[in-house]
Amino acid sequence: MRNLLIFLLLLCNTGWAETLQLKEDSYQESLTNYIYYIEDPSHSLTLPDLLQLDDSKWKHNSEQTFNHGYNASTWWLRITIDNNTSDKLSRLLEISYPVLDQVNLYAVTQQGINEFHMGDKKPFHDRPVRHRNFVVPIKFQPGESVDVFLEVRSASAIQVPLTLWEEEHFFNYDQSQTIIHGIYYGIMFVMVVYNLFVYLAVGERSYLYYVLFVSCTPLFLASLTGFAFQYLWPNATRWNDQAIIVFLSGVVFFGALFTREFLNVRQLNPLLNQFAIGLVVGAFTIISLSFFLPYSISIRIVIPFATLACLYALSIGYYRWFNGGLSAKYYAIAWTSFLLGGITLALNKYTILPKTPFTEYATQIGSAMEVILLSFALAERINQERRMRFEAQQDALTTERELRQAREDALEIQRQATESLEQRVQERTKELEELNKKLEEISDTDQLTGLKNRRYLDRILEEEFARCARYQRNISLLLMDIDHFKSFNDTYGHLVGDDCLKAVSDCVKQGLRWPSDRPARYGGEEFCVVLPETDIEGSLTVAERIRANVESLEFQVKNKLVPVTISIGVASFTPSMNDNLQSIIAQADEALYASKENGRNRVTLYGAQESHTQNANLT
């Protein structure tokens, strides 16, 4: 049967217009112009069928590369190669597109048919040459003509870039390409490690998102270029397809989180913030669906989705840049580089751009420039913070020098002057003490509400807790939270929300009894009151008075009364030296949670079955 096929093939050989004439000194030959092809949508053709086809059925490839985008057909390619020399020649046929699902090669010679079955649906070690691309060795006898048939089918883009190499030249060229890829992955690795250490040092989430974003980018490209299949998962054929979708979606996922955090999109514009959240949710959804949907569908979804995400990040970056900020400038230029690389890749996959070295490496070039520029942007942020700290230190040093000079002047005056000068020094010292007290007061005060801040609260609560434990006195803690404040902020805006916080803080101060009652802003819309030497009855009285003050608050927004209520949790007990300070906070927080669970606008004592206040008519 095989001899019959060879005979039929020899009969068909005479009609081919484009035949590669192999030369002994030809080290690299592109086979693009020598390709004839047939599309087989029904997947019914076999090699014997093709050997009997008339030459007119074959179409000549007239494009710069054989590229037919995404389709489900089987494509048969034929190249005729003549060895007109008197020597035996060995060549390597390379298909430099490693994500093809099925590639069957048939080399028809006078001695018979050599078959090679490849594709990324087969384990990597089944390939005739263990290379990230599909490489097949072909031997040519003196004066022999060899017909090469390729059967290609794939859920990815049908791209078949064919090159015939002299073996030594191929491996030398491949070594240089591997070095280029190694430099790229080395850059990415350095950026990941460097910024990971920066994140561990400063603890800022934008650095963590950047590290994860940079990690996904080379993994995506390694999956696309075959390096990952060769070195990371050579037997995971199903995952090899999914990895492209997962890591590209991961680029969008962490890129959107990084953009939202780095450019502070939450404060920039609520709509843009919601769009960023939508990108995050969309990327996560695509990752989840990639385990169920076919690759041909997933890749058609993720490429335009990733392009949309890049456009979003780019527009936000330029908007921030035009509004000032050197770090936003680096960010915008970085995403421009990445977007150009991504668009080039997308246009290449949809056959709008041909497969060339530039289109193949555009994404690597763009992503490498992007991560470097983004690292510059993060570094610029560190430099800005460093400059601010330096300026603060310079101000402190200036103040210290002035104080030191004042002390030296005072000592000199003290040695030479009279008692009146000594009195002036004392007055100056007193003024400095008062200034220090004012500075301490400012540092302990919340600037928005005028109440003490969390820093002061933690210190005074620890002191009062220790004192009450030592002398066996009661201590009570009120933990308060404005009801539905997030919805309030979303409805009326943060400026109106700030006015509401000020009004509620006034109600808290009005509800206290003695100077020893210590009110503070606990954080966000939460307030806290420390009541030293106060029993349960007294603490409930204060809590109810505060709740009533807030409920009766006539808060207006655009001449319209808006109801404001507050939920309060109360914890009261006599601590011992073995008790933990966190216990009373946890009790108050649990009581506050009960107030919210039971309808809000009420006071709940820790350990009580029902809240102290039952009338909670909330809007």
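Relevant structure appears above.
Residues numbered from 1 in each chain as written. Predicted model: local features only at pLDDT ≥ 70, side-chain atom pairs only at ≥ 80, totals over all residues. Heavy atoms only, no water.

When helices and strands are counted, the protein chain shows 17 helices and 18 strands. Evaluated residue by residue, the protein chain yields a buried proportion of 49% over its 619 residues. Here the contacts in the protein chain between residues at least 6 apart in sequence split such that 74% fall between residues at least 24 apart. Here the protein chain displays about 31000 Å² of accessible surface, and carbon together with sulfur accounts for 55% of that area. (Helix = DSSP H or I, 4+ residues; strand = E, 2+ residues; numbered from the N terminus. Buried < 20%, exposed > 50% of the residue type's maximum accessible area, 1.4 Å probe, protein only. Contact = heavy atoms within 4.5 Å. Areas by Shrake-Rupley, 256 points an atom, 1.4 Å probe, with all protein chains shown as cover.)

Another aspect to go through is empty space enclosed by the protein. Counted according to the given criterion, the structure contains three cavities of 30 Å³ or more. Of the pockets and cavities examined, the second largest cavity occupies roughly 90 Å³. Residue lining of the second largest cavity: 14 residues in total, with Val 251, Val 252, Ala 309, Cys 310 and Trp 335 positioned closest to the centre. Contributing elements (two or more residues each) for the lining of the second largest cavity: helix 6 (237-262), helix 9 (295-322) and helix 10 (326-349). A breakdown of the residues in the lining of the second largest cavity according to their chemical character gives twelve nonpolar, two polar and no charged. (1 Å grid on protein atoms, 1.4 Å probe; cavity = no way out; pocket = protein on both sides within 12 Å on 5 of 7 lines; lining within 4 Å. Points joined across faces, edges and corners; volume = space filled by probe spheres on them. Nonpolar A, V, L, I, M, F, W, Y, C, P; charged D, E, K, R; others polar.)

Let us look at the sheet that holds strand 18 (residues 603-605). Strands belonging to one sheet form pairs held by backbone hydrogen bonds; the direction of such a pair is parallel or antiparallel. One open sheet accounts for five strands, arranged 13-14-12-17-18; its pairing is mixed. The sheet is open, and its two borders are formed by strand 13 (518-523) and strand 18, each paired with just one other strand. The sheet shows a mean angle of 20° between the axes of neighbouring strands, taken without regard to direction. Sheet topology places strand 17 (residues 566-573) next to strand 18; three bridges connect them, and they run parallel. Across the sheet, Val 570 pairs through a bridge with Leu 605, a residue of strand 18. Relative to strand 13, helix 13 (residues 454-471) is tilted by about 130°, and along the sheet it contacts strand 12 (475-482), strand 13, strand 14 (526-532) and strand 17. (Pairing = 2+ DSSP bridges. Axes fitted to C-alpha atoms, helices over the stretch in contact; angles between N-to-C directions.)

To continue, consider unusual backbone geometry. A positive phi angle, close to 60°, is found at His 43, a residue other than glycine. Structurally, the position occupied by His 43 is in the loop between strand 3 (36-40) and helix 2 (47-51).

Turning our eyes to something else, we now look at the packing of aromatic side chains. A complete count under the given rule lists 22 aromatic pairs for this structure. Geometrically, the ring pair formed by Phe 227 and Tyr 231 is stacked, given 6.4 Å between the ring centres and 15° between the ring planes. Of this pair, Phe 227 and Tyr 231 are both found in helix 5 (residues 227-231), four residues apart, which corresponds to roughly one turn of the helix. Take Phe 227: its relative accessible area is 10%, and that puts it in the buried class. Aromatic side chains Phe 488 and Tyr 492 sit 4.9 Å apart centroid to centroid with 55° between the ring planes, which places their arrangement in the tilted category. Here Phe 488 pairs with Tyr 492, and both are found in helix 14 (residues 485-492), just four residues apart, close to one helical turn. Residue class for Tyr 492 comes out partly exposed when judged on its relative accessible area of 34%. Ring pairing ties together the aromatic residues Trp 165, Phe 170, Phe 171 and Tyr 173, which thus form one cluster. Between the NZ or CZ atom of Lys 452 and the centre of the ring of Tyr 456, over which it lies, the distance is 4.9 Å. (Phe/Tyr/Trp six-rings, centres within 6.5 Å; stacked < 30°, edge-to-face > 60°. Lys NZ or Arg CZ within 6 Å of the ring centre and 35° of its normal.)

With seven bridges joining them, strand 7 (residues 102-109) and strand 8 (residues 112-118) adopt antiparallel strand pairing. Each bridged residue has a counterpart across the sheet, and for Asn 104 the counterpart in strand 8 is His 117. Where strand 7 folds back onto strand 8 in an antiparallel hairpin, the turn is made up of two residues.

The tally for this structure, following the rule as stated, stands at 19 salt bridges. Note that Glu 261 and Arg 205 form a salt bridge whose closest N and O atoms lie 3.7 Å from each other. One end of the pair, Glu 261, is in helix 6; the other, Arg 205, is in helix 4 (residues 205-225), and 56 residues separate them in sequence. Judged by its relative accessible area of 43%, Arg 205 falls in the partly exposed class. Where Arg 521 meets Asp 446, a salt bridge forms, and the shortest distance between an N and an O atom there is 3.3 Å. Here Arg 521, found in strand 13, pairs with Asp 446, found in the loop between helix 12 (419-443) and helix 13; they are 75 residues apart in sequence, far enough to count as distant. When its relative accessible area of 15% is taken as the criterion, Arg 521 is described as buried. Through salt bridges with shared partners, one network takes in Glu 464, Arg 467, Arg 518 and Glu 533. (Salt bridge = Lys/Arg side-chain N within 4 Å of Asp/Glu carboxyl O.)

To continue, consider the side chain of Asp 174. Relative to the elements of secondary structure, Asp 174 occurs in helix 3 (residues 167-202). Residue classification places Asp 174 among the buried positions, given a relative accessible area of 12%. Among the polar contacts made by the side chain of Asp 174, one reaches the side chain of His 131 at a distance of 2.6 Å. Discounting residues that sit within four places of it in the chain, Asp 174 has contacts with His 131 and Arg 132. (Polar contact = N/O pair within 3.5 Å; in protein donor to acceptor, adjacent residues only side chain to side chain.)

Turning our eyes to something else, we now look at the sheet that holds strand 6 (residues 89-95). Taking strand neighbours across the sheet as the criterion, the four strands line up as 2-11-6-9 in an open arrangement whose pairing is antiparallel. In this open sheet, the two edge strands, each paired with only one partner strand, are strand 2 (28-30) and strand 9 (134-140). In this sheet, neighbouring strand axes are inclined to one another by 25° on average, regardless of whether the strands run parallel or antiparallel. Inspection of the sheet shows strand 6 paired to strand 11 (residues 162-166) by five bridges, in the antiparallel sense.

Attention now goes to a nonpolar patch on the surface. Taken together, the side chains of Leu 289, Leu 293, Ile 297 and Ile 301 make up a nonpolar region of the molecular surface, amounting to roughly 290 Å² of accessible area. Mapped onto the secondary structure, Leu 293 falls in the loop between helix 8 (270-289) and helix 9. (Patch = residues over 30% accessible without salt bridge, like charges linked within 9 Å, V, L, I, M, F, W, Y side chains within 5 Å.)

This part takes up the packing of helix 6 against helix 8. Relative to each other, helix 6 and helix 8 sit at 160°, their axes nearing to 8 Å. Taken together, the axes of helix 6 and helix 8 are roughly antiparallel relative to one another. Here the hand of the crossing between helix 6 and helix 8 comes out left-handed. For the pair formed by helix 6 and helix 8, the contact residues are Ile 245, Val 246, Ser 249, Gly 250, Val 252, Phe 253, Ala 256, Leu 257 and Arg 260 on the first element and Asn 273, Ala 276, Ile 277, Leu 279, Val 280, Ala 283, Phe 284, Ile 286 and Ile 287 on the second. Classifying every residue of the contact of helix 6 with helix 8 gives 14 nonpolar, three polar and one charged. (Parallel < 35°, antiparallel > 145°, perpendicular 65-115°, else oblique. Left-handed = near helix turned anticlockwise from the far one by under 90°.)

The next point concerns helix 17 (residues 581-597). Between its terminal C-alpha atoms helix 17 stretches 25 Å, which fits the 24 Å expected from 17 residues at 1.5 Å a residue. Among all positions in helix 17, only Leu 581, Ile 584, Ile 585, Gln 587, Ala 588, Ala 591, Leu 592 and Ser 595 are buried. One face of helix 17 carries all of its buried residues, which in axial projection span an arc of 160°. Set apart from the buried face of helix 17 by more than 90 degrees, the exposed residues are Tyr 593 and Glu 597. Those residues of helix 17 that are buried lie in contact with helix 13, strand 12, strand 13, strand 14, strand 17 and strand 18. N-cap assignment for helix 17: the residue whose side-chain oxygen lies 2.9 Å from the backbone N of Gln 582 is Asn 580. (Expected span 1.5 Å × (residues − 1). Arc of directions from axis to C-beta.)

For the rest of this paragraph, the subject is the environment of Asn 83. Relative to the assigned elements, Asn 83 resides in strand 5 (residues 74-83). Judged by relative accessible area, Asn 83 falls into the buried class, the value being 0%. A C-alpha to C-alpha distance of 8.6 Å links Asn 83 and Glu 24, two positions 59 residues apart in sequence. The residues contacting Asn 83, other than those within four sequence positions of it, are Leu 22, Leu 89, Phe 140, Gln 141, Pro 142, Gly 143 and Glu 144. A distance of 3.1 Å separates a polar atom in the side chain of Asn 83 from the backbone oxygen of Asp 87.

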